[in-house]
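# Observations on the model geometry
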Amino acid sequence: MVTANASPSQAASGTLIKLMAASALAGFGAVMTFLGAAYLQDIRLLAEAPAAFWAFICGQPLADGMTAPLILSAGALSLLAAAGLFLRPTARLNLAVAGVIVLIIPAAASAGYLMGEANRTALSPSVPIAYLTPPRPMPDFALTNAQGGVTRLSDLRGRVVLLFFGYTHCPDICPLALSEMRKVKAALGQEADRAAFVFVSVDGTRDTPEQLRRYLRIFDPTFIGLTGPESKVRLIALEYGAHFRSNRIAGEARYTVDHTADTFVLDGQGRLNLVYGMHTPTEAIVREVRRVIRNTP
């Protein structure tokens, strides 16, 4: 049997392709390893990029405890893949087995960390709810709703109002807050008819009524979306002790807005009763909202 040997040009071409692939993988691995180390050192300006990419692709925020392990794992896998290009098949198999074993360690550590965090949260006696005693009457306001009309706070008298300040392009906090509202509404059962769930946009430039309608439909079409000029919304937010700051750059269409992540609960008389934060257990929120509903004439 006659076997054809690769010509020198073909061999050189194959080597060049391997070098290019190895360089790309090694570069990616080095960048990811750097970002992982930066995240562990709390240097998060660059290290926030992978988490933001995850949220953009998956539509859900990446758990903080998983960020560094995932970044470091991606870097390690890329470096191992780059090294494997220049090894013989048997050596590649050994390298793959070693890589799996090495990567199991951070994966197990991450799982243990997250389970520990969940247990610590569950056992924590503190509940992040602030109560106003006596309840504070809140001034009326009027903003454009998702149907293009005008909604006043006074239009919701007789119903308990859960009010949140956010924006539809928010990558993490707002989807979590609205998902929590949806859980609360479901847990309230028939009593949810006596509550109004209100989302006030802090990004009136992009959050048009149509945009609000499309966005809130994802969570619950009965949620009330309100928008208006930034200056007007800022004055309303200040009445609640809420703040926001746009990170808009001239000429850029994509930007983020830093904003308060609390939800404000008003009784049927338009008085602020309590404020709860992002990590408040759903059961605690439902209990307190139900109490306010039952105390509302």
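Parameters at a glance
- Residues numbered from 1 in each chain as written.
- Predicted model: local features only at pLDDT ≥ 70, side-chain atom pairs only at ≥ 80, totals over all residues.
- Heavy atoms only, no water.
- Phe/Tyr/Trp six-rings, centres within 6.5 Å; stacked < 30°, edge-to-face > 60°.
- Helix = DSSP H or I, 4+ residues; strand = E, 2+ residues; numbered from the N terminus.
- Buried < 20%, exposed > 50% of the residue type's maximum accessible area, 1.4 Å probe, protein only.
- Salt bridge = Lys/Arg side-chain N within 4 Å of Asp/Glu carboxyl O.
- Expected span 1.5 Å × (residues − 1).
- Axes fitted to C-alpha atoms, helices over the stretch in contact; angles between N-to-C directions.
- Parallel < 35°, antiparallel > 145°, perpendicular 65-115°, else oblique.
- Left-handed = near helix turned anticlockwise from the far one by under 90°.
- Contact = heavy atoms within 4.5 Å.
- Nonpolar A, V, L, I, M, F, W, Y, C, P; charged D, E, K, R; others polar.
- Polar contact = N/O pair within 3.5 Å; in protein donor to acceptor, adjacent residues only side chain to side chain.
- pLDDT = per-residue confidence, 0-100.
- Pairing = 2+ DSSP bridges.
- Core = buried A, V, L, I, M, F, W, Y, C linked by side-chain atoms within 4.5 Å.
- 1 Å grid on protein atoms, 1.4 Å probe; cavity = no way out; pocket = protein on both sides within 12 Å on 5 of 7 lines; lining within 4 Å.
- Points joined across faces, edges and corners; volume = space filled by probe spheres on them.

## A look at the packing of aromatic side chains
Overall, the coordinates contain seven aromatic pairs when judged by the stated rule. Centroid distance Tyr215 to Phe219: 5.4 Å. Interplanar angle 65 degrees. Geometry classified as edge-to-face. One end of the pair, Tyr215, and the other, Phe219, are both in helix α6 (residues 209-219), four residues apart, so they sit about a helical turn from each other. When sorted by exposure, Tyr215 lands in the same class as Phe219, which is buried. Feature note: the residues Phe164, Phe199, Tyr215 and Phe219 constitute an aromatic cluster, connected by ring pairs.

## Section: the pattern of salt bridges
Going through the model one piece at a time under the given rule, you end up with twelve salt bridges. The partner of Arg271 in a salt bridge is Asp267, with the nearest N and O atoms 2.9 Å apart. It is possible to trace a salt-bridge network through shared partners that takes in Glu191, Arg290 and Arg294.

## Some thoughts on helix α8 (residues 282-294)
Between its first and last C-alpha, α8 extends 18 Å over 13 residues, near the 18 Å set by a 1.5 Å rise per residue. Burial in α8 covers these residues: Thr282, Ala284, Ile285, Val286, Glu288, Val289, Val292 and Ile293.

## Quick notes on the packing of helix α5 (residues 173-188) against α8
Closest axis-to-axis distance for the α5/α8 pair is 10 Å, and the angle between their directions is 60 degrees. The angle between the axes of α5 and α8 places the two elements in the oblique class. Relative to α8, the crossing made by α5 is right-handed. Here α5 contributes Glu180, Lys183, Val184, Ala187 and Leu188 to the contact with α8, which in turn contributes Thr282, Ile285, Val286, Val289, Arg290 and Ile293. In terms of residue class, the contact of α5 with α8 is built from seven nonpolar, one polar and three charged.

## So, the side chain of Thr282
Structurally, the position occupied by Thr282 is in helix α8. One polar contact links Thr282 to Glu180, side chain to side chain, over a distance of 2.4 Å. Thr282 has contacts with Glu180, Lys183 and Val184, leaving out every residue within four places of it along the chain.

## A short note on the confidence of the model for the protein
For the protein, the average pLDDT comes to 78, and 58% of its residues sit at 70 or higher. Between residues 40-47, whose pLDDT stays under 50, and residues either more than four places distant or in other chains, the model counts eleven contacts. In this model residues 113-127 is a low-confidence stretch, pLDDT under 50, and it forms seven contacts with partners more than four residues away in sequence or in other chains.

## Quick look at the sheet that holds strand β3 (residues 150-152)
Strands sit in the order β1-β10-β9-β4-β5-β6-β2-β3 across an open sheet of eight strands; the sheet is mixed. Unpaired on one side and paired on the other, β1 (129-137) and β3 mark the two borders of the sheet. With direction set aside, neighbouring strand axes in the sheet form an average angle of 30 degrees. Sitting on the sheet, α5 touches β4 (160-166), β5 (195-201), β9 (263-266) and β10 (271-276), and the angle it makes with β4 is about 165 degrees. Along the sheet face, α6 touches β2 (142-145), β5 and β6 (224-227) and points at about 150 degrees away from the line of β6.

## Description of the side chain of His259
Tracing the backbone shows His259 in strand β8 (residues 257-259). Residue class for His259 comes out buried when judged on its relative accessible area of 17%. Among the polar contacts made by the side chain of His259, one reaches the main-chain carbonyl oxygen of Phe165 at a distance of 3.1 Å. Excluding its chain neighbours within four sequence positions, the residues that come into contact with His259 are Phe164, Phe165, Gly166, Tyr167, Cys170, Ile173, Cys174, Val202, His243 and Phe244.

## Examining the nonpolar core
Ranked by size, the top nonpolar core spans 57 residues in total, and within it Leu162, Leu163, Phe165, Val198, Tyr240, Phe264 and Leu266 carry the most contacts. What Leu163 contacts, discounting residues up to four positions off in sequence, is Met181, Val198, Val200, Tyr240, Asp262, Thr263, Phe264 and Leu266.

## Here's the deal with the layout of surface pockets
Approximately 160 Å³ is the volume attributed to the second largest pocket. Taken together, 13 residues form the lining of the second largest pocket, with Ala146, Gln147, Pro221, Phe223 and Ile224 sitting closest to its centre. Going through the elements one at a time, α6 and β6 are the ones with two or more residues in the lining of the second largest pocket. Among the elements that line the lining of the second largest pocket, the one with the most residues is α6, at four residues. Looking at the lining of the second largest pocket, its residues break down into six nonpolar, five polar and two charged.

## A closer look at the pairing of β10
Burial analysis of β10 places five of its six residues in the buried class, which makes it a mostly covered element. The pairing of β1 with β10 spans five bridges and is classified as antiparallel. Across the sheet, the residue bridging to Ala130 is Val275, located in β10. Taking the residues that link successive antiparallel strands as the turn, the β9-β10 hairpin has four residues, and the phi of Gly270 there is positive, at about 80 degrees.

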